[in-house]
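# Report on the structure
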Amino acid sequence: MSGIPLGVLDLVPVASGSTAAEALTNSIDLARRTEEFGYTRYWFAEHHLNPGVAGTSPAVVLALTASATSTIRLGSGAVQLGHRTALSTVEEFGLIDALHPGRLDLGLGRSAGPPQRRRPVEGEGEPAPAAPVIDGHTPNGLRIPDRFSFAHLLGHPRVALQQKLLNLPGAQPQDYSEQVDDVLALLRGEYRTPEGVEAHAVPGEGADVQVWILGSSGGVSAETAGRNGLRFAANYHVSPATVLEAAEGYRAAFKPSAELDRPYVTVSADVVVAEDEETAHKLATGYGPWVRSIRTAEGAIPYPTPAEARALPWSEEDRRLVADRVETRFVGSPRTVADHLERLREATGADELLITTITHRHADRVRSYRLLAEEWRRRG
């Protein structure tokens with residue numbers, strides 16, 4: 001079962017007492033190291049106005065990383081299309097592909113906002129979940145928590161500020177599915193206006209990139225990926241409550257394409273691995289406060305040391321705020337974490353898994369990926 005590929009999702013985390021420059025250097029080093037360990041993909045996420053996350057522009061960071069690696073696929077997890085145009089996205093990735101052909105994954109995502117339900121298809125019922133959930137677990141033991149609500153952030157001034165700074169005054173985001181259609185048309189050289197005017201992205205047209213859609217629910221993203229016959233990434237690490245509906249919503253909407261003849265899914269997971277359980281849980285101490293900072297719209301704090309995390313104030317309200325994320329993080333020895341990943345793969349039917357690991361010390365993060373890769377190879 002463990003023969004499926006593992007990839008990496010990197011937020012370019014900034015550790016407390018460190019700098020964004022050091023975070024970028026560490027991420028490029030981690031890409032080199034995980035390439036050696038046998039990981040197949042290395043994706044950069046996009047986040048803004050976070051003191052503890054330096055990955056603001058996936059295209060820029062992956063361009064830098066492409067020059068430092070040779071075989072691992074590099075991509076975005078994901079470009080947030082809500083404040084970009086299809087043309088600028090295709091041109092950016094076209095530029096990188098021109099120098100590093102055949103290595104890029106163009107992962108596309110909606111900008112932050114409430115989930116949108118998948119449009120119903122005539123004659124089609126709601127997709128059945130991949131596995132039933134009873135008392136918060138699938139039959140094989142995978143934890144599926146209750147849905148988390150972001151209602152408390154609606155109208156938050158920092159959320160509004162981010163939108164103001166990312167969007168030009170008066171700009172209206174394009175419908176997401178239409179924008180994805182435009183990206184695909186530009187890549188294929190098939191873009192036409194309703195009046196028949198052609199547009200050709202140079203570079204970009206004909207670029208040898210894999211297009212992925214990232215989604216946290218069975219809504220518009222899953223439907224868009226399936227309708228276009230694209231690869232889909234379901235976010236267990238972001239929204240563990242809805243990972244099953246995301247994967248099944250995508251499969252229910254899937255139509256074969258020139259790219260794929262069947263659905264293809266990767267599923268993300270937060271992971272920390274160490275030689276023993278005690279060490280791994282110590283390294284993971286900062287995760288709760290870090291997630292809390294995101295979910296209060298403070299912006300991700302620089303990732304704390306275990307001692308710094310223990311010294312931070314903590315309440316029952318804080319625990320509830322982050323419980324779904326903390327409960328679904330896989331922490332422990334290589335064997336323990338690999339067992340958890342097996343359950344995730346089995347419950348979701350994933351074709352690949354995407355691993356994201358954050359620790360305060362870079363060496364601990366590198367070791368976590370190495371230990372997991374060694375255990376995964378043994379099981380393969």
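All of the points below concern the structure found in this document. (Residues numbered from 1 in each chain as written. Predicted model: local features only at pLDDT ≥ 70, side-chain atom pairs only at ≥ 80, totals over all residues. Heavy atoms only, no water.)

The next point concerns the side chain of Thr-65. Following the sequence through the fold, Thr-65 ends up in helix 2 (residues 58-66). Thr-65 gets classed as buried once you look at its relative accessible area, which sits at 0%. (Helix = DSSP H or I, 4+ residues; strand = E, 2+ residues; numbered from the N terminus. Buried < 20%, exposed > 50% of the residue type's maximum accessible area, 1.4 Å probe, protein only.)

With that settled, consider the packing of helix 6 (residues 220-227) against helix 7 (residues 243-253). Here helix 6 crosses helix 7 at 35°, and the two axes come no closer than 7 Å. The hand of the helix 6/helix 7 crossing is right-handed. Where helix 6 approaches helix 7, its residues Ala-222, Glu-223, Ala-225, Gly-226 and Arg-227 are matched on the opposing element by Ala-246, Gly-249, Tyr-250 and Ala-253. A per-class count over the contact of helix 6 with helix 7 returns five nonpolar, two polar and two charged. (Axes fitted to C-alpha atoms, helices over the stretch in contact; angles between N-to-C directions. Left-handed = near helix turned anticlockwise from the far one by under 90°. Contact = heavy atoms within 4.5 Å. Nonpolar A, V, L, I, M, F, W, Y, C, P; charged D, E, K, R; others polar.)

Moving on, we come to unusual backbone geometry. Excluding glycine, residues mostly carry a negative phi; peptide bonds, for their part, are mostly trans. Ala-78 follows Gly-77 through a cis peptide bond whose omega is 15°. The residue Ala-78 is located in the loop between strand 3 (73-76) and strand 4 (79-80) in this model. Here Val-202 and Pro-203 are connected by a cis peptide whose omega angle stands at -5°. Its location among the elements puts Pro-203 in the loop between helix 5 (176-188) and strand 6 (209-215). Here the phi dihedral of Ala-297 falls at roughly 70°; this positive angle occurs in a residue that is not glycine. Within the element layout of this structure, Ala-297 appears in the loop between helix 9 (287-295) and helix 10 (306-311).

The residue Ser-217 is located in the loop between strand 6 and helix 6 in this model. On the accessibility criterion, Ser-217 (13% relative accessible area) is buried. Counting along the chain gives 18 residues from Ser-217 to Asn-235, while the straight-line C-alpha distance between them is 8.3 Å.

Judged by how many residues are buried, strand 5 (residues 104-109) sits mostly within the fold: six of six residues are covered. Inspection of the sheet shows strand 3 paired to strand 5 by two bridges, in the parallel sense. Considered in strand 5, the bridge of Gly-75 is made with Asp-105. Here two bridges tie strand 4 to strand 5, and the two strands are oriented parallel to one another. (Pairing = 2+ DSSP bridges.)

A word on the packing of helix 3 (residues 86-99) against helix 5. For the pair helix 3 and helix 5, interaxial distance at closest approach is 9 Å and the crossing angle is 45°. As summarised for this structure, helix 3 and helix 5 are arranged oblique, according to the angle between their axes. Helix-helix and strand crossings are classified by hand; for helix 3 and helix 5 the assignment is right-handed. Contacts between helix 3 and helix 5 involve Ala-86, Leu-87 and Val-90 on the former and, on the latter, Gln-179, Asp-182, Val-183, Leu-186 and Leu-187. By residue class, the composition of the contact of helix 3 with helix 5 is six nonpolar, one polar and one charged. (Parallel < 35°, antiparallel > 145°, perpendicular 65-115°, else oblique.)

Functional significance is not addressed by these values, which are geometric in nature.
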